[in-house]
Amino acid sequence: MSSKPASKVVAPLKDELDIVIPTIRNLDFLEMWRPFFEQYHLIIVQDGDPSKTIRVPEGFDYELYNRNDINRILGPKASCISFKDSACRCFGFLVSKKKYIFTIDDDCFVAKDPSGQDINALAQHIHNLLTPATPFFFNTLYDPYREGADFVRGYPFSMRGGAPTAVSHGLWLNIPDYDAPTQLVKPRERNTRYVDAVLTIPKGTLFPMCGMNLAFDRELIGAAMYFGLMGDGQPIGRYDDMWAGWCTKVITDHLGLGVKTGLPYIWHSKASNPFVNLKKEYKGIYWQEDIIPFFQSVVLPKESTTVQKCYIELSKMVKEKLGPIDPYFQKLADAMVTWIEAWDELNSAAVAPVADAAKKDASSSSK
């Protein structure tokens, strides 16, 4: 991969979007992303030793949080933020005050499309989020809101307005996002297939969400983007983003929101150690045979009309249904509640004006 950056590009939503990056190392990778990221605000969540100094290239607007900052800001609630795991990124989601979030790993570089042009992953995510999704009826031309596409014959006109897009899930060239057993049997496999498509994941269908190239509407679904308890002191790792994805998907289905996957691609540069990964994943590989049927069977009550209410109900179900599998799930369910408490505490000021506006609208319409 060439490290030569492209010229600066137009930055859509630059005042409405934060870029969240979890890291344990200097962020030299940002040089390649400079033309795409430099006009945005970065929230960097430093994992591991808080006494280590993380170097950020000059010219970027950023705030950096380490474990000491997390403990200071959240107090006892800091227990819900994972340590020594990329799940720590969700602290960045918590403290952001922007409408949209894009999160990327520090081993992900700018990919090229088949014509050799640099892919502006952030711009594609924004396009995905700003156009509707179609979770209730599948369009065989995939994203009908894309230039050059439309709804096919037989697609109900009453459903062509679509649903708000809450999540945009991007993909990766080069190193695939495989689990440890697959890594071990396919150590040299690389993803070279560029599929020029975006599709909405249908309602009722789960998917394995990857956090290395992900964007979402924080106002619509941010409170559900909790990456769980993983890493240091926990019996499982590398399931953080998938846990958030399963929780998010059942909630978006319940609330009538959409999730898109496909474009944009990034270049995933570094394969992690499959033996280390297996040690982190092996319990999850067993547990997922119960976890996935659990999420497939979840029915949230009609009274759960907000993401927070949905998430609290989901935490109760996790404790009841998954708790008997292992005490870890009891602990995880409690952490889910703590996460929502922290979310409400840090975001109450931002939520209040919206609630006040809704009250004003209601009072004026009743006159």
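About the criteria used
Residues numbered from 1 in each chain as written. Predicted model: local features only at pLDDT ≥ 70, side-chain atom pairs only at ≥ 80, totals over all residues. Heavy atoms only, no water. UniProt positions renumbered as here; feature names shortened; annotations may be inferred. Buried < 20%, exposed > 50% of the residue type's maximum accessible area, 1.4 Å probe, protein only. Helix = DSSP H or I, 4+ residues; strand = E, 2+ residues; numbered from the N terminus. Pairing = 2+ DSSP bridges. Right-handed = clockwise from strand over helix to strand, strands pointing away. Polar contact = N/O pair within 3.5 Å; in protein donor to acceptor, adjacent residues only side chain to side chain. Contact = heavy atoms within 4.5 Å. Disulfide = S-S within 2.5 Å. Axes fitted to C-alpha atoms, helices over the stretch in contact; angles between N-to-C directions. Parallel < 35°, antiparallel > 145°, perpendicular 65-115°, else oblique. Left-handed = near helix turned anticlockwise from the far one by under 90°. Nonpolar A, V, L, I, M, F, W, Y, C, P; charged D, E, K, R; others polar. Core = buried A, V, L, I, M, F, W, Y, C linked by side-chain atoms within 4.5 Å.

In the annotation of an unreviewed UniProt entry, the chain is listed under the name UDP-arabinopyranose mutase and assigned to Salvia splendens. According to its UniProt record, the chain has this under Catalytic activity (unreviewed entry): "UDP-beta-L-arabinofuranose = UDP-beta-L-arabinopyranose". The Function (unreviewed entry) comment attached to the chain in UniProt states, word for word, "Probable UDP-L-arabinose mutase involved in the biosynthesis of cell wall non-cellulosic polysaccharides."

Some remarks on the pairing of strand β2 (residues 41-46)
For β2, a buried count of six out of six residues is recorded, marking the element as mostly surrounded by other parts of the structure. Bridge count for strand β1 (residues 17-23) against β2 is six bridges, and the pairing is parallel. Across the sheet, D18 pairs through a bridge with H41, a residue of β2. Remark: the β1/helix α1 (residues 30-37)/β2 crossover connection has right-handed handedness. Both β2 and strand β3 (residues 61-65) contribute to a ladder of five bridges, which runs parallel. Among the inter-strand pairings, I44 is bridged to a residue of β3, identified as L64.

Concerning the UniProt feature "glycosylation site" (unreviewed entry) in the chain
Within this structure's numbering, the places UniProt gives as "glycosylation site" (unreviewed entry) are R153. With respect to the helices, strands and loops of the structure, R153 is situated in the loop between α4 (121-130) and β6 (165-174).

A closer look at the side chain of S315
By the element assignment, S315 lies in helix α9 (residues 307-322). Among the polar contacts made by the side chain of S315, one reaches the main-chain carbonyl oxygen of I312 at a distance of 2.6 Å. Discounting chain neighbours no more than four positions away, the residues touching S315 are A333, M336 and V337.

Some details on the state of the cysteines
Counted by the stated rule, this structure contains zero disulfides. Here C108 is not cross-linked by a disulfide; its sulfur's nearest cysteine counterpart is in C210, at 7.5 Å.

Observations concerning the packing of helix α8 (residues 274-297) against α9
Between α8 and α9, the shortest axis-to-axis distance is 11 Å and the interhelical angle comes to 135°. In terms of orientation, α8 lies oblique with respect to α9. The handedness of the crossing between α8 and α9 comes out as right-handed. Between α8, through D290, I291, F294 and F295, and α9, the contact on the second element is made entirely by L314, M317, V318, K321 and L322. Per-class residue counts for the contact of α8 with α9 are seven nonpolar, no polar and two charged.

Points about the nonpolar core
Judged by nonpolar contacts, the single largest core of 68 residues is most densely connected at W243, I251, F295, Y311 and W339. With eleven residues, helix α10 (residues 327-365) is the largest single contributor of residues to this core. When sequence neighbours within four positions are dropped, the list of residues in contact with W243 reads Y226, G228, I291, F295, Y311, V318, L322, F329, L332 and M336.

Observations regarding the pairing of strand β4 (residues 100-104)
Buried residues dominate β4, accounting for five of its five residues. Of the two faces of β4, the one holding Y100, F102 and I104 and the one holding I101 and T103 are both buried throughout. Bridging between β4 and strand β8 (residues 213-217) involves five bridges; their strand directions are antiparallel. Each residue of the ladder has a partner; that of I104, found in β8, is N213.

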